[in-house]
Amino acid sequence: MSGSKSIARTAATGGALDPEFLEWSTSLPIDRRLLEEDCRGSVAHVQGLRAGGLVTDAEAETLIAALESLPGKVASGAVVLRADEEDVHMAIESWLREAVGDVAGKLHTGRSRNDQVATDLKLWCRDAVLRVESQIDAVLTAAQSWAQRHDSVVLPAYTHRQVAIPTMAPLWLEGALTLPLQRDRALLAGVREELAESPLGGGAVGGTTLPVDTAVSAKALGFERPPVNPLDAIGQRDHALLLVFVCARIGLHLGRFSADIIELASDGLVKLGGAIAGGSSMMPHKRNPDLFELVRGQSALRQGELVQLMVTFQGLGAGYHRDLQQDKEVIFAAVDGVINCLRMIEISLSNFELLPEPCLQSLIRGDAVATDLCEGLVAGGMAFRDAYGKVGALVAAQRDAGKRLAELTAADLEAAGLDPALLERLDPTVAAKRRAARFAR
Ligand code: ARG
C-alpha cells in the first residue's frame, strides 16, 4: 500500500512513507504473532464501546463476528494480511475495513495503538507464563522418575571440580535442578500479579473523554481492573522484564545443571543415551554431550535478552516511544528459547544414567570418605582439628604407599592408634546414606 492510503496517516502526517523506510520499520513480521491477542483485545474493546453507547448492538455484532473469525481465516490461508502495513494492528484494521465496510471506522474509537499493543503483549505474556509453568512441571515430573530410578546410586559431590564427599543421586538432582526450578516457577506468580491491570482505556497517553466502558473490556479479557493511570498503563513493560528475567534465571539454572552432566560424563560417571549424544565427524569413538552443551550455550542467549530488554528501556521517558516496538522480538525469543531448553532437559532425563560402579571407584580414588572418618573420630570424642590433622596424615601416608583411605584395614587403623570400629566410616555407600539421611523429609 502507498503510505498516503494508510489508515493511520492524515494530511498532517506529511504524505506517504518511503517504501524502504516502511519495509525497514514495520513490526508486522514479528507482531503478526499477536494476531489472536489483537483480535481478542479488539472484541473486548468493542464490548466496552457498546456498553458506553458508542456503537449500536448491530454494529458491535458485525465487528465482533469479523474479528472473531479472522485468526481461523488467517490460519487456514483464507485471508492473507497485507504485508505493507506498519504493524499487525493496522493490518487487521485495514482487513476489517475491506471485510465489513465503513463500520470498521468505529473500532478505534477511544483507543490508541499504544494501549492496544500494551494489551496484546500482556495477553501474550499471560499465556507465556502458563506455558513456561507447564514445561517446568514436565521437567519436574521427569526428574522425579530419574530420581526414583537412581534411588540408591551413590556419586561424588564435587568442590573445585574435585571429588569432595559421597552423596546420593536424588539429593544431587534435587540440588542441581529441582529446587532451583521450583523457585523459578514460584517467581512466575509475580509476573502474573504484574499482568493484573488492563491497559485499555489508557489511549495514547491521556485516556479518552469518550464514555468507553473500560471495566467491561478489562473483565472480558480476564484482567482484574481497568488502568489506574494512562501514562503508566501504556508505557510500562515491567511484567515483560520480570518474565524475561525469570527466563534468564531458568536458563542459568539449566546451564549449570548441564555443566554438571558434562563434567560427570567427562569423568566417565554418566552414560549418555545415543538419542541425545553427538558424534564426531572424524573420531569414531566419540559420544559427546551435545544436548547439554547447547542448553548451556542457550543460557548465554537468555542473559543477553535480559540485557537487550533492559537497555531498550534505558534512558526513555515515561509513555510510548517507537523504541518499545523492539521489545516483542526479545520477549518472544526469551520465552521460546527457555521453553525449548526445558523440553530438551525433560527429554534428557530419560536418556542419561549414572554408572554406579565408576561412581564408587571415583569416590575411592578421590578419598571422598576422609571427612566421614574425621567425623567418626569427633563422634568418639576427639577435637575436630586433631581429627582433621590425623586423617590428613593418614591420607598422605596412604598416597605415598600408592593406596587410598578405603584400602585401610582394621589392623591398619589399630596400628595408627584408631578404633578399628571406624572401618565402616571408610565405606562410601554407608557415608552417602548417612549424610543423605540428614536431609530426608
Ligand atoms: N508497532 C508499534 C509497536 O509495536 C505499535 C505502536 C505504535 N504506536 C505509535 N504511537 N506509533 O510498538
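Located above this text is the structure these notes cover.
Here the structure is a predicted model, which means the values were calculated and not measured.

Colleague: Looking at this structure, how should I read the side chain of D120?
Modeller: In this fold, D120 is placed in helix α6 (residues 113-149). It turns out D120 is buried and unbridged, and the closest side chain with the opposite charge, R111, is 6.6 Å from it. Looking at D120, its side chain comes within polar contact range of the side chain of H89, at 3.4 Å. Excluding its chain neighbours within four sequence positions, the residues that come into contact with D120 are L34, E37, D38 and H89.

Colleague: Would you mind going over the site of the ligand with me for this structure?
Modeller: If you check the shell around the ligand, you find S27, D87, R113, N114, V117, Y320, Q325 and K328 and nothing else. One nitrogen or oxygen atom from the side chain of Q325 is found 3.0 Å from a nitrogen atom belonging to the ligand. For the ligand, an oxygen atom lies 2.9 Å from a polar atom in the side chain of K328. Look at the ligand: alone it shows 340 Å² of surface, and the protein chains cover 86% of it. Of all the elements, α6 adds the most residues to the shell around the ligand, at three residues. When the residues that make up the shell around the ligand are grouped by side-chain class, the tally is two nonpolar, three polar and three charged.

Colleague: In this structure, what is going on with the pattern of salt bridges? I would like to understand it.
Modeller: Oppositely charged side chains are able to pair whenever their charged atoms sit close together. The full count for this structure, using the stated rule, is 27 salt bridges. D137 is the salt-bridge partner of R185, the closest N and O atoms lying 2.7 Å from each other. Within this pair, whereas R185 is found in helix α7 (residues 169-194), its partner D137 is found in helix α6, the two being separated by 48 residues in sequence. Three or more residues joined by partner-sharing salt bridges are found here, namely R82, D84, E85 and E98.

Colleague: Any chance you could explain the nonpolar core here in plain terms?
Modeller: When a protein is soluble and globular, its nonpolar side chains tend to lie buried together. Of all hydrophobic cores here, the largest spans 87 residues; its most connected members are W172, L177, F257, I345, L349 and F352. Non-local contacts of L177, meaning those with residues more than four positions away in its chain, are made with V139, A143, L254, F257, I345 and L349.

The rules behind these values
- Residues numbered from 1 in each chain as written.
- Predicted model: local features only at pLDDT ≥ 70, side-chain atom pairs only at ≥ 80, totals over all residues.
- Heavy atoms only, no water.
- Helix = DSSP H or I, 4+ residues; strand = E, 2+ residues; numbered from the N terminus.
- Buried < 20%, exposed > 50% of the residue type's maximum accessible area, 1.4 Å probe, protein only.
- Lys, Arg positive; Asp, Glu negative; His and termini not counted.
- Salt bridge = Lys/Arg side-chain N within 4 Å of Asp/Glu carboxyl O.
- Polar contact = N/O pair within 3.5 Å; in protein donor to acceptor, adjacent residues only side chain to side chain.
- Contact = heavy atoms within 4.5 Å.
- Near = heavy atom within 4 Å.
- Areas by Shrake-Rupley, 256 points an atom, 1.4 Å probe, with all protein chains shown as cover.
- Nonpolar A, V, L, I, M, F, W, Y, C, P; charged D, E, K, R; others polar.
- Core = buried A, V, L, I, M, F, W, Y, C linked by side-chain atoms within 4.5 Å.

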